[in-house]
Amino acid sequence: MPTLANGKLCYLEIPAVDVRQSGDFYSRVFGWALRRRGDGALAFDDTVGEVSGVWVTGRPPASEPGLLIYIMVDDVEKTIAALVQHGGEVIQPIGADAPEVTARFRDPAGNVFGIFEQ
């Protein structure tokens, strides 16, 4: 069960052009669990069961960093290789936020996210 607390970030709606493609990308690169909601929408749960969400069509991608969400990973270099292999694009390489180990990428739908090595 996820931690329930006032003020916790818990749910994301991620713009998608092709919901299945976006789901496959995040499942393969980050290990997010995919599931069908009661209304039939493809949803996800992160690897620790703390954040969930859904891909939505009909919205423009978050293609420029404004609000920027970082996804925690074990190894930024390995994650970069996986995201490129599955259709993502690196838009800020490792080193720009040193000493933190981060990078930024654009997903197949055009959304920009960061990755942060724990």
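Residues numbered from 1 in each chain as written. Predicted model: local features only at pLDDT ≥ 70, side-chain atom pairs only at ≥ 80, totals over all residues. Heavy atoms only, no water.

For the protein, the name recorded in an unreviewed UniProt entry is VOC family protein, with Cryptosporangium minutisporangium as its organism.

Engineer: Residue-level account of the overall build of the protein, with values.
Structural biologist: Counting its regular elements, the protein contains two helices and eight strands. Its C-alpha atoms give the protein a radius of gyration of 14 Å, near enough to 13 Å, the size a compact globule of 118 residues would have. Taking the principal axes of its C-alpha atoms as reference, the protein extends roughly 40 × 30 × 25 Å. Within the protein, the proportion of its 118 residues that are buried is 34%. Sequence separation of at least 24 residues holds for 56% of the intrachain contacts in the protein that already meet a minimum separation of 6. Just so you have it, the protein exposes about 6,900 Å², and 53% of that area is on carbon and sulfur atoms. Considering the protein, the positive charge centre built from 10 side chains and the negative charge centre built from 16 side chains are found 7 Å apart. (Helix = DSSP H or I, 4+ residues; strand = E, 2+ residues; numbered from the N terminus. Rg over C-alpha atoms; globule rule 2.2 N^0.38 Å. Buried < 20%, exposed > 50% of the residue type's maximum accessible area, 1.4 Å probe, protein only. Contact = heavy atoms within 4.5 Å. Areas by Shrake-Rupley, 256 points an atom, 1.4 Å probe, with all protein chains shown as cover. Lys, Arg positive; Asp, Glu negative; His and termini not counted. Charge placed at Lys NZ, Arg CZ, Asp CG, Glu CD.)

Engineer: Mind laying out the environment of Tyr26, listing which residues take part and the relevant values?
Structural biologist: Inspection of the secondary structure puts Tyr26 in helix α1 (residues 19-30). Placed 20 residues apart in sequence, Tyr26 and Asp46 show a C-alpha to C-alpha distance of 9.4 Å. Leave out the neighbours within four places in its chain, and Tyr26 touches Gly31, Trp32, Trp55, Ile71, Phe105, Asp107 and Phe113.

Engineer: Can you tell me about the pattern of salt bridges, naming the residues and giving the values?
Structural biologist: Under the criterion given, the structure shown has six salt bridges. Between Arg20 and Asp24 there is a salt bridge, with its nearest N and O atoms 3.2 Å apart. Here the residue Arg20 and the residue Asp24 both occupy positions in helix α1, the gap between them amounting to four residues, near one helical turn. (Salt bridge = Lys/Arg side-chain N within 4 Å of Asp/Glu carboxyl O.)

Engineer: Tell me about the environment of Ile115, and please be specific about residues and values.
Structural biologist: In this fold, Ile115 is placed in strand β8 (residues 112-117). Judged by its relative accessible area of 1%, Ile115 is buried. Between the C-alpha atoms of Ile115 and Asp74, which are 41 residues apart in sequence, the distance is 9.7 Å. For Ile115, the contacting residues outside a window of four places in its chain are Phe30, Tyr70, Ile71, Val73, Val76, Thr79, Ile80, Leu83, Val101, Thr102, Ala103 and Phe105.

Engineer: Give me the lowdown on the pairing of strand β7 (residues 102-106), citing residues and values where you can.
Structural biologist: Bridge count between strand β6 (residues 89-92) and β7: three bridges; the pairing is antiparallel. Counterpart to Glu89 in the pairing with β7 is Arg106. Two elements, β7 and β8, share five bridges in a ladder whose sense is antiparallel. In the strand pairing of β8, Thr102 is matched with Phe116. Linkage of β7 to β8, two consecutive antiparallel strands, is achieved through a turn of five residues, within which Gly110 is found at a positive phi near 105°. (Pairing = 2+ DSSP bridges.)

Engineer: How would you sum up the pairing of strand β4 (residues 52-56)? Please name residues and give values.
Structural biologist: Taken across its five residues, β4 has five buried, putting it largely inside the fold. Neither face of β4 is open: one carries Ser52, Val54 and Val56, the other Gly53 and Trp55, and all of them are buried. Across five bridges, the pairing between strand β1 (residues 11-15) and β4 is parallel. Note that in β4 the partner of Leu12 across the bridge is Gly53. Across three bridges, strand β3 (residues 42-45) lies against β4 in antiparallel orientation. Residue pairing in the sheet places Phe44 in a bridge with Gly53 of β4. As consecutive antiparallel partners, β3 and β4 are separated by six residues, and within that stretch Gly49 has a phi angle of approximately 70°, a positive value.

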